[in-house]
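So the chains spell out like this:
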Amino acid sequence: QVQLVESGGGSVQAGDSLRLSCTASGRTLSNYIMGWFRQVPGKEREFVAAITWSDTSTYSTASVKGRFTISRDNAKNMVYLQMNSLKPEDTAVYYCGARHYTSNAYSYWGQGTQVTVSS
């Protein structure tokens, strides 16, 4: 099992920054890809960014490139999402997810943390 806990959300003004944190626990975390997703009511969960524990490869969706950066700290079993130049359309519940390398789906999720950006 993999347990994930997000933190760092809050209410900010457009143009401000936030850093989200995801604390992960599990027996073999190196076998998982970690991702950040976001979701608003009535819409599907949207992929934001992903990173592995074992290399430096990262991926992100076009809407956040240049503004959001995903990173990790293996010693602390933590994954971060640095969000700069926030826009009102970034408002969502942000989730940390994990998927095994052998799976196509993210099977583990945190409880989510709310990010609200006011104009």
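Anything mentioned here points back to the structure above.
The shown structure was predicted, so the numbers you read here are calculated from the model rather than taken from an experiment.

Enquirer: Residues and numbers for the overall build of the protein chain, please.
Expert: Across its full length, the protein chain carries zero helices and eleven strands. Secondary structure elements of the protein chain occur, N-terminal to C-terminal, as β-β-β-β-β-β-β-β-β-β-β. Expected size for 119 residues packed as a compact globule is a radius of gyration near 14 Å; at 14 Å, the protein chain falls within 12% of this value. Projected onto its principal axes, the C-alpha coordinates of the protein chain cover approximately 40 × 30 × 25 Å. Within the protein chain, the fraction of its 119 residues that count as buried is 39%. Summarising the internal contacts of the protein chain: among those between residues at least 6 apart in sequence, 54% fall at separations of at least 24. For the protein chain, the computed accessible surface area is about 6,200 Å², with 46% contributed by carbon and sulfur atoms.

Enquirer: Could you give an account of the sheet that holds strand β7 (residues 68-73), with specific residues and numbers?
Expert: Strand pairing in a sheet takes place through backbone hydrogen bonds and is either antiparallel or parallel in direction. The sheet built from four strands is open, its strands ordered β1-β3-β8-β7 with antiparallel pairing. Of all the strands in the sheet, just β1 (2-7) and β7 have a single pairing partner and so form its edges. Ignoring strand direction, the axes of neighbouring strands in this sheet form an average angle of 20 degrees.

Enquirer: Break down the nonpolar core for me, with residues and values.
Expert: Of all hydrophobic cores here, the largest spans 29 residues; its most connected members are Leu4, Met34, Trp36, Leu81, Met83 and Tyr94. If you list the elements that add at least two residues to this core, you get β1, β3 (18-26), β4 (32-39), β5 (46-52), β7, β8 (78-83), β9 (92-100) and β11 (113-118).

Enquirer: Requested: an account of the state of the cysteines, with residues and values cited.
Expert: One pass over the full model with this rule turns up one disulfide. Across the disulfide from Cys22 sits Cys96; the S-S distance is 2.1 Å. What sets the handedness of the Cys22 and Cys96 disulfide is the S-S torsion sign, and at about -75 degrees it is left-handed. On the criterion of sequence distance, the pair formed by Cys22 in strand β3 and Cys96 in strand β9 is long-range, its members being 74 residues apart. Accessibility assignment for this pair places Cys22 and Cys96 in one class, buried.

Enquirer: Can you break down the pattern of salt bridges residue by residue, with the values?
Expert: If charged atoms from side chains of opposite charge come close, those side chains can pair. One pass over the structure, following the stated rule, counts three salt bridges. Between Arg38 and Asp90 there is a salt bridge, and its shortest N-O distance comes to 2.9 Å. In this pair, Arg38 is assigned in strand β4 and Asp90 in the loop between β8 and β9, connecting sequence segments 52 residues apart. Per residue, the accessibility class of Arg38 equals that of Asp90, and both read buried. Linked by salt bridges that have partners in common, Arg38, Glu46, Arg67 and Asp90 make up one network.

Enquirer: Now, about the environment of Ser57: what can you tell me, with residues and values included?
Expert: Relative to the helices and strands, Ser57 is located in the loop between β5 and β6 (58-60). The exposure class assigned to Ser57 is partly exposed, which follows from its relative accessible area of 33%. Each C-alpha atom of the pair Ser57 and Ser71 lies 10.0 Å from the other, and the pair is 14 residues apart in sequence. Residue contacts for Ser57: discarding those within four places in its chain leaves Ala50, Ile51 and Thr52.

Scoring rules and cut-offs
- Residues numbered from 1 in each chain as written.
- Predicted model: local features only at pLDDT ≥ 70, side-chain atom pairs only at ≥ 80, totals over all residues.
- Heavy atoms only, no water.
- Helix = DSSP H or I, 4+ residues; strand = E, 2+ residues; numbered from the N terminus.
- Rg over C-alpha atoms; globule rule 2.2 N^0.38 Å.
- Buried < 20%, exposed > 50% of the residue type's maximum accessible area, 1.4 Å probe, protein only.
- Contact = heavy atoms within 4.5 Å.
- Areas by Shrake-Rupley, 256 points an atom, 1.4 Å probe, with all protein chains shown as cover.
- Pairing = 2+ DSSP bridges.
- Axes fitted to C-alpha atoms, helices over the stretch in contact; angles between N-to-C directions.
- Core = buried A, V, L, I, M, F, W, Y, C linked by side-chain atoms within 4.5 Å.
- Disulfide = S-S within 2.5 Å.
- Salt bridge = Lys/Arg side-chain N within 4 Å of Asp/Glu carboxyl O.

Without other data, these values stay purely geometric and don't point to any function.
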